[in-house]
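A closer look at the structure
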Amino acid sequence: MDVDTRMLRYLTVVGEEGQLTAAAARLGVSQPTLTKQVRALERQLGVELFLRSRAGMVPTAAGAELLARATGLLAGWEEALRAARRAAAETGGELRVGFEGATINLLGREAVEDFARRMPGWRVRMRQNDWFDETSGLASGELDLALWHAPASMAERYAHALLGTEERWVVLAADHRLADRDAVDLAELWEEPFVAIPEQAGVWRDYWLGGPERGERPVRVGAVAHNADEWMAAVACGQGVGFAPRSVDRWARRPDVRCLPVRGLSPSLVGLFRLPGRAATPAMEAFAESCRLHLEVQYRATGGGRSPAGSGAQTSAKGAG
């Protein structure tokens, strides 16, 4: 039977913390996401791993047996990964970076080429972020860094290198009643149906539906999209509106949609995020610097965002470098 190492990591942290809230915060995922993962592991194994109560999570006999061995299994796997990375670093290596749909154009070829000059023998492998994984592949080890347009709360949960800020705009069909505006007020959008991303996206689903500004207002979901192309198609077909980074207006222009500024909607932090507790490697630091340099040029040319210096934002102590 094959078990994802991410599942074992979730299991051990829940066992160590004794409660889902603390374990979710430590792992950098939402509590509902963690709950689903633990239950999925129990279904896969066919045993109950924890006794649940208001006081917390207590391992069952089966859970205790698995926990006793899972720590050693994970430690051995991590050491194997470190050994492989050390061997790769001697002759160069590969930095795995996730990106969000069309926003890969925020980085561009210039940033990748600048990184290659800074780190001879290294290359960047780009992969679009997985909307069915709240960590975008960071927790599973599939990615080293994820480019996110993120709420401020994510900067507290993850180590990161801040690249700047960018406004969130609304994207709507070209024949929408608000499409001829130069800008819209946030209050005008709450009754609109929205094109949502999957529930498995956790905090990202709420954020791109207007959180935290939405508060307790209910959301009308007109469609659920599973990737960036589906999302844009649903908006173009009038199935709902949606929020997206302002850069979408420059890189995904099409005649059947409009992208408009939204008064009252907070901007996103733009950054390269990594798992909490994972130290920045020289390759990560070099790539972040290449991205900062490239984005500074873009921001000056287009006014599409603000660099860390321009926005007055500071790189988190967690993510220095």
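None of the values given here were measured: they were computed from a predicted structure. Every chain is numbered independently, its residues counted from 1 as its sequence is written. It should be noted that, the model being predicted, local features are given only for residues of pLDDT at least 70 and side-chain atom pairs only at 80 or more, the latter also being counted only at that level, while totals for whole chains, interfaces and linings use all residues. No hydrogens and no water enter the side-chain calculation; it runs on all heavy atoms of the structure.

This brings us to the pairing of strand β1 (residues 50-53). In this description, strands pair whenever DSSP reports at least two bridges between them. Only DSSP runs of H or I with at least four residues qualify as helices, and only runs of E with at least two residues qualify as strands; both kinds are numbered from the N terminus onward. With four bridges connecting them, β1 and strand β2 (residues 56-59) associate as antiparallel partners. Residue pairing for β2: S53 is matched across the bridge by G56. Where β1 folds back on β2, the antiparallel hairpin that results is connected by two residues.

This part covers the sheet that holds strand β3 (residues 93-99). Spatially, five strands are ordered β4-β3-β5-β13-β6 in an open sheet, and the strand pairing comes out mixed. Each edge of the open sheet is held by one strand with a lone partner, namely β4 (122-128) and β6 (159-166). Each neighbouring strand pair of the sheet contributes to a mean axis angle of 25 degrees, computed without reference to strand direction. Sheet analysis places strand β5 (residues 145-150) next to strand β13 (residues 268-274), joined by five bridges and oriented antiparallel. Paired with A150 across the two strands is L269, which belongs to β13. Helix axes are fitted only over the stretch in contact, all axes being lines through C-alpha atoms; the angle between N-to-C directions runs from 0 to 180 degrees.

Looking now at helix α1 (residues 5-17). For a helix, the expected span equals 1.5 Å multiplied by the residue count minus one. For α1, built from 13 residues, the straight-helix expectation of 18 Å at 1.5 Å per residue is met to within 8% by its first-to-last C-alpha distance of 18 Å. The cut-offs for exposure are 20% and 50% of the maximum accessible area for each residue type, with area from a 1.4 Å probe on protein chains only; residues under the lower value are buried, those over the upper are exposed, and the others partly exposed. Regarding α1, the residues found buried are R6, M7, L8, R9, Y10, L11, T12, V13 and V14.

Secondary-structure assignment places P151 in the loop between β5 and α6 (152-157). Residues P151 and V270 lie 119 residues apart in sequence; the distance between their C-alpha atoms is 9.1 Å. The contact rule is simple, with two residues in contact once any of their heavy atoms fall within 4.5 Å. Ignoring any residue separated from it by four or fewer positions in sequence, one finds P151 in contact with W204, Y207 and L269.

As a further point, take the packing of aromatic side chains. Centre-to-centre distance and the angle between the planes together describe a pair of aromatic rings. Each pair of aromatic rings taken from Phe, Tyr and Trp, with Trp reduced to its six-membered ring, is defined by centres within 6.5 Å and is described as stacked if the planes are under 30 degrees apart, edge-to-face if over 60, and tilted in the remaining cases. Under the definition given, this model contains six aromatic pairs. Grouped by ring-pair contacts, the aromatic residues W148, Y158, W204 and F273 constitute a single cluster. For a lysine, the NZ atom is tested; for an arginine, the CZ atom; a charge sits over a ring if that atom is within 6 Å of the ring centre and within 35 degrees of the ring normal. A cation sits over an aromatic face here: R214 above F194, 5.0 Å from the ring centre.

Turning next to the environment of T21. Residue position: T21 is located in helix α2 (residues 20-27). Linking T21 and P32, residues 11 residues apart in sequence, is a C-alpha distance of 9.5 Å. Polar contact is the term for a pair of N or O atoms within 3.5 Å; when the atoms are in protein, one must be able to donate a hydrogen and the other to accept it, and sequence-neighboring residues count only if both atoms are side-chain atoms. Reaching out from T21, the side chain makes a polar contact with the side chain of Q31 at a distance of 2.8 Å.

On to the nonpolar core, then. W148, V170, W204, W231 and F243 are the most contacted members of the largest nonpolar core, which totals 43 residues. Sorting the residues of this core by element identifies β5, β7 (168-173), β9 (193-196), α7 (203-208), α8 (228-236), β11 (242-245) and β12 (257-263) as the ones contributing at least two each. With five residues, the top contributor of residues to this core is α8. Those residues in contact with W231 that lie beyond four places of it in its chain are W131, V171, V195, I197, A225, G242, F243 and A244. Joining through side-chain atoms within 4.5 Å is the link that ties buried Ala, Val, Leu, Ile, Met, Phe, Trp, Tyr and Cys residues into a set, and such a set is a nonpolar core. Listed in part, the 21 residues of the second largest apolar core include A23, L27, M57 and L74.

It is worth spelling out α2 at this point. Listed as buried for α2 are L20, A23, A24 and L27. The arc that holds the buried residues of α2, viewed along the axis, is 100 degrees, so those residues lie on one side. If you follow the buried residues of α2, they end up packed against α1, α3 (31-45) and β2. Note that the arc is defined by the directions from the helix axis to the C-beta atoms.

Looking now at the pattern of salt bridges. In what follows, salt bridge is the name for a side-chain nitrogen of Lys or Arg lying within 4 Å of a carboxyl oxygen of Asp or Glu. Across all of its chains, the model carries 21 salt bridges by this definition. Across the salt bridge formed by R177 and E192, the nearest N and O atoms sit 2.7 Å from each other. Within this pair, whereas R177 is found in the loop between β7 and β8 (184-185), its partner E192 is found in the loop between β8 and β9, the two being separated by 15 residues in sequence. Through salt bridges with shared partners, a single ionic network connects E16, E17 and R26.

Here we come to unusual backbone geometry. Note that the residue after G211, namely P212, is joined by a cis bond; omega there is 0 degrees. As for its position among the elements, P212 is in the loop between α7 and β10 (220-224). If you check the backbone angles, S136 has positive phi at about 65 degrees while not being a glycine. As for its placement among the helices and strands, S136 is situated in the loop between β4 and β5.

Moving on, we come to the confidence of the model for the protein. Low-pLDDT stretches of the model should not have their predicted coordinates read in fine detail. One confidence number per residue, pLDDT, is output by the predictor and ranges from 0 to 100. On average, residues of the protein carry a pLDDT of 85, and 85% of them reach 70 or more. Scored below 50 in pLDDT, residues 311-321 makes 30 contacts in the model with residues more than four places away or belonging to other chains.

With that settled, the discussion passes to the packing of α1 against α2. Relative to each other, α1 and α2 sit at 130 degrees, their axes nearing to 8 Å. Here α1 lies oblique to α2, going by the angle between them. Pair α1 / α2 crosses with right-handed handedness. Contacts between α1 and α2 pair R9, Y10, V13, V14, E16 and E17 from the former with L20, A22, A23, R26 and L27 from the latter. The classification used treats Ala, Val, Leu, Ile, Met, Phe, Trp, Tyr, Cys and Pro as nonpolar, Asp, Glu, Lys and Arg as charged, and all other residues, Gly among them, as polar. For the contact of α1 with α2, the per-class residue count stands at seven nonpolar, no polar and four charged. Any angle between 65 and 115 degrees counts as roughly perpendicular, while under 35 counts as roughly parallel, over 145 as roughly antiparallel, and the rest as oblique. Handedness of a helix crossing follows the sense of rotation of the near helix relative to the far helix, less than a right angle counterclockwise being left-handed and clockwise being right-handed.

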